[in-house]
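Report on the structure
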Amino acid sequence: MRELRNLKGLRPSDLTRRQRLVLGYGVGLVSIIAAFTLLYFWGMRTLENRPRSLFQALNVVIETMTTTGYGADSPWRTPAMNLFVATMQVTGVVIGFVTLRVLVIPLFERAPLMLDDRLSVKDNHVVVAEYQRDTEVLLDELEELDVDYVLVESDREEAKRLSDEGYQAINGDPEDRDDLARASIEKASTLITDAGTRTASVVLTALEANEDLRVISFTDSTRRKAAFAEIGVDRSVAPHALIGRRLAEKATTPVTVDSGVGDTSVTIREVLVRRGSSLHGVEIGESPLATHPDLTLVAGWFDGELRVPPSPTDRLTANTVLVVAGPAHTIDEVTHEVAGVRDPSRSAHERIVVAGLGEGGRAAVEALPERVSVTSVDESADADPDVVGDVTEPETLRAADVADASALIVTVDDDADALLTTAMARSLAPDVEILVRVTDTEKTAPAFRAGADYVLSVQQLCARLVAAEVHGERVMDPVGQIRLVRADASAFVGQALGAARRDADREWTVVGIARDGGVRTDEETVIESGDEMFVAGSDEAIQEFERTVDAP
């Protein structure tokens, strides 16, 4: 079914080698039969003086080529007609063998099929040289962004399975120059490699064939990044360290900022979309949080990526956290009215427990700001944790005083242990915010059921990061905080507040204006001389605002 869907709307250049072969075979067969029919029609009329209709001529040609008989026309008197009929007979036998090889054997026999024949024409594409995570997650991301690719997979059965599913995959050794050539490496724009200890060999072999390649590699340790840079890797991704940092940054992003003016205040607060929410699958631009005239969407966390501001076409999932600005009472009213959303903790976390001190756990600890008190837990004393013990045991979590912590970051290596740790921590500390890393994307939903507030999948995060890099989108690393500043509004006089908010070319947004001792957030409000404005965004975005707009 996947192959049938992929055939819809294909251009000739999109056809795979096998599809082009079958199409050529069909056109050639029809052409040969048509030519033989016309020649037989002419020969019987001119040489044999026994005229036949075109339909009779076609019938004799089919009978002859399929060796089923010759009807009432045999024997033929002239040498030319006998020679022509013999030619048709031989041609029919040859076509029979070709039909077996092109159609019958690949469909009904177990004879090996060259996966290369299923590849479409490649140019300026991506070559994926091994991928040790969930390959289909990455390939689905590339296909969703319409990025052309070839996967070189060393496991024959896995390559065949993926190819049978409709993916552009071949079996080969990514360290072999000839196998990379089969993936048209010389025409590729990007190489993605996740070959473990063979990464250096794969990269050097590929660059020898195409020195203009952009190279993205995965590594288990950040310690290898310098070495990879030396051999030509443009971006190295250490998945566990990356996800550890993102969980830490997510945990320490202030979720509420109040800026009072008179009796009214502007608040920035996080709103968590929970599993089973009525907003699940809804585009941001159509959600009550975006359409409410007094609220402004400042940012959103989407599977570990902070987007400032989010796109109106982004869809809400059970792992989305929106950063909303506006009057505190309005945010409260909207979140109470919408099913399946809630406010997480309303203050920045001051004490965080990190469970698991592997690559991801250490990265999380290093990313946490100095103002945060950190308690680390690991079952190995060699990791030098604050508490030594099994994090799935209640005694260990009690020793880490998880009940008094404001957040728990779970970065243990095994997904089953991560789920059990989450459930155990939730039973001991109902109010703690739990942020969990899982390896398998399918474990995301179970982690929510176990009590997690926020879950990141290594597979999904890596796939989206790479897909965005390849697609040419800037991948935004999460920032440490969302800021709200008060500035002079003279540069926007005459504009409606809604128009001032909806500028897609900047990463800061206008939340509201201060006028007559109050704050106005309705998007129909027109900015006047003497007004002051509240602007929200990341540190970097606010710095850009202050460079480009006069701020007091």
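Everything that follows concerns the structure shown earlier in this document.
First, a word on scope: everything that follows refers to the structure included in this document.

Check the secondary structure of the protein and you find 19 helices and 22 strands. The burial tally for the protein puts 50% of its 552 residues in the buried class. Once local pairs closer than 6 in sequence are excluded, the contacts in the protein between residues at least 24 apart make up 66%. By element, 50% of the accessible surface of the protein is carried by carbon and sulfur atoms, the whole surface being about 25600 Å².

Reading across the sheet, the six strands line up as E15-E14-E13-E16-E17-E18 and stay open at both edges, with parallel pairing between neighbours. Each edge of the open sheet is held by one strand with a lone partner, namely strand E15 (387–388) and strand E18 (454–457). Note that strand E14 (residues 373–378) and E15 share two bridges and pair parallel. Residue pairing across strands places Asp 378 opposite Val 388, the latter belonging to E15. Sitting on the sheet, helix H15 (residues 415–428) touches strand E16 (407–410) and strand E17 (433–438), and the angle it makes with E17 is about 175°.

So, about the nonpolar core. Counting 43 residues, the largest nonpolar core has Val 128, Leu 142, Ile 352, Ile 409 and Val 466 as the members making the most contacts within it. In terms of residue count, helix H17 (residues 458–471) provides more of this core than any other element does, eight residues in total. Apart from residues lying up to four places away in sequence, Val 466 is in contact with Leu 138, Ile 192, Ile 216 and Phe 218. Within the second largest apolar cluster, 24 residues are counted, among which are Val 387, Val 391, Ala 447 and Val 455.

Tallied over the entire structure, the rule returns two aromatic pairs. Measuring from centroid to centroid gives 5.6 Å for Tyr 131 and Phe 218, while their planes differ by 80°, and the two rings are edge-to-face. With a gap of 87 residues between them, Tyr 131 in the loop between strand E1 (126–129) and helix H5 (135–144) and Phe 218 in strand E5 (residues 214–218) connect regions that are remote in the sequence. Judged by its relative accessible area of 6%, Tyr 131 is buried.

Further remarks concern the pairing of strand E2 (residues 149–153). Among the five residues in E2, five count as buried, and that is most of the element. Here E2 shows a buried face lined by Tyr 149, Leu 151 and Glu 153 and a second buried face lined by Val 150 and Val 152. When E1 meets E2, the two strands line up parallel, connected through four bridges. Residue pairing across strands places Val 126 opposite Tyr 149, the latter belonging to E2. Crossover E1 to E2 through H5 is right-handed. A crossover connection joins E2 to the parallel strand E3 (residues 169–171) through helix H6 (residues 156–164); in handedness this β-α-β unit is right-handed.

Another aspect to go through is the sheet that holds strand E4 (residues 190–193). Where strands meet in a sheet, backbone hydrogen bonds hold them as pairs that are either parallel or antiparallel. Spatially, E3-E2-E1-E4-E5-E6 is the arrangement adopted by the six strands of the open sheet, whose pairing is parallel. The open sheet is flanked by E3 and strand E6 (235–237), the only strands paired with a single partner. With strand direction ignored, the average angle separating the axes of adjacent strands in the sheet is 20°. Both E2 and E3 contribute to a ladder of three bridges, which runs parallel.

With respect to the secondary-structure elements, Thr 525 resides in the loop between strand E21 (518–520) and strand E22 (532–538). On the accessibility criterion, Thr 525 (13% relative accessible area) is buried. Every residue in contact with Thr 525, bar those within four places of it in the chain, is listed here: Gln 495, Ala 496, Leu 497, Ile 513, Arg 515 and Arg 520.

Let us look at the pattern of salt bridges. Inspection of the entire model under this criterion finds 18 salt bridges. Here Glu 158 ties to Arg 161 by a salt bridge, and the two come within 2.8 Å at their closest N and O atoms. Separated by three residues within a single helix, Glu 158 and Arg 161 lie in helix H6, roughly one turn from each other. What makes Glu 158 partly exposed here is its relative accessible area of 24%. Here Glu 359 makes a salt bridge to Arg 362, at a shortest N to O gap of 3.5 Å. Here Glu 359 pairs with Arg 362, and both are found in helix H13 (residues 359–367), just three residues apart, close to one helical turn. According to the relative accessible area criterion, Glu 359 is buried, its value standing at 17%. We classify Arg 362 as partly exposed; its relative accessible area is 38%. Residues participating in the shared-partner salt-bridge network are Glu 130, Asp 173, Glu 175 and Arg 198.

What counts and how
Residues numbered from 1 in each chain as written. Predicted model: local features only at pLDDT ≥ 70, side-chain atom pairs only at ≥ 80, totals over all residues. Heavy atoms only, no water. Helix = DSSP H or I, 4+ residues; strand = E, 2+ residues; numbered from the N terminus. Buried < 20%, exposed > 50% of the residue type's maximum accessible area, 1.4 Å probe, protein only. Contact = heavy atoms within 4.5 Å. Areas by Shrake-Rupley, 256 points an atom, 1.4 Å probe, with all protein chains shown as cover. Pairing = 2+ DSSP bridges. Axes fitted to C-alpha atoms, helices over the stretch in contact; angles between N-to-C directions. Core = buried A, V, L, I, M, F, W, Y, C linked by side-chain atoms within 4.5 Å. Phe/Tyr/Trp six-rings, centres within 6.5 Å; stacked < 30°, edge-to-face > 60°. Right-handed = clockwise from strand over helix to strand, strands pointing away. Salt bridge = Lys/Arg side-chain N within 4 Å of Asp/Glu carboxyl O.

That's the geometry; what it means functionally is another story.
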